[in-house]
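These are the residues of each chain, in order.
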Amino acid sequence: MAKSISGVVVAWSLLATLLASSMASATIVHHSLYIKNLTVNYLCEEQVVIAANGSLPGPTIRVHEGDTLVIKVVNLSPHNISIHWYIYITIIN
């Protein structure tokens, strides 16, 4: 039976200065992450790793400034997990 991480993780902008942009184009972006075991071949040897949506590293989630991000995480792995987020802000001239 799949274990679902309680609730839905809602990520808001971390910096108040990012909220200064126009909210007219802001959208709600939904993503689902399914965490499960994945067998990979590493140095000619099969190993079982935990992956998100069948990829390692996990998928890239792209949002725009002012967007609201809603992420549903479902743990299909036999292990307890935690999610670590990396946030990269790209400034385009």
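Reference entry: report on the structure contained in this document. Everything quoted here is computed from the prediction, not taken from an experiment. (Residues numbered from 1 in each chain as written. Predicted model: local features only at pLDDT ≥ 70, side-chain atom pairs only at ≥ 80, totals over all residues. Heavy atoms only, no water.)

## Observations concerning the overall build of the protein
Applicable threshold: Here a strand is any run of E in DSSP of at least two residues, a helix any run of H or I of at least four, and the numbering for each starts at the N terminus. Only protein chains enter the area calculation, which uses a 1.4 Å probe; residues under 20% of their type maximum are buried, those over 50% are exposed, and those in between are partly exposed. Contact criterion: two residues are considered in contact whenever any of their non-hydrogen atoms come within 4.5 Å of each other. Throughout, the Shrake-Rupley method with a 1.4 Å probe supplies accessible areas, and for residues the shown protein chains are the sole cover considered.
Summing up its helical and strand segments, the protein has 0 helices and 5 strands in all. Counted from the first residue to the last, the protein has its helices and strands arranged as β-β-β-β-β. Counting all 93 residues of the protein, 16% fall into the buried class. Intrachain contacts of the protein at a sequence separation of at least 6 include 65% that bridge at least 24 residues. For the protein, the computed accessible surface area is about 7,500 Å², with 59% contributed by carbon and sulfur atoms.

## What about the nonpolar core?
What counts here: We call a set of buried residues a nonpolar core when its members are Ala, Val, Leu, Ile, Met, Phe, Trp, Tyr or Cys and they connect through side-chain atoms within 4.5 Å of each other.
Grouped together as the largest cluster of nonpolar side chains are 7 residues: Val 29, Leu 33, Ile 35, Ala 52, Leu 69, Ile 71 and Val 73. Going through the elements one at a time, β3 (28-42) and β5 (68-75) are the ones with two or more residues in this core.

## Observations regarding the pairing of strand β4 (residues 45-52)
Definition in use: We call two strands paired when DSSP finds no fewer than two bridges between them.
As paired elements, β3 and β4 share 8 bridges and run antiparallel to each other. If you follow Leu 38 over to β4, its bridge partner there is Val 49. Taking the residues between adjacent antiparallel strands as the criterion, β3 and β4 are bridged by 2 residues, where Leu 43 takes a positive phi near 55 degrees.

## Remarks on unusual backbone geometry
The peptide bond linking Leu 56 to Pro 57 adopts the cis configuration, its omega dihedral lying at 0 degrees. On the secondary structure map, Pro 57 appears in the loop between β4 and β5. A positive phi angle is found at Cys 44, which is not glycine, with a value near 65 degrees. When you line up the elements, Cys 44 lands in the loop between β3 and β4. On the accessibility criterion, Cys 44 (79% relative accessible area) is exposed.

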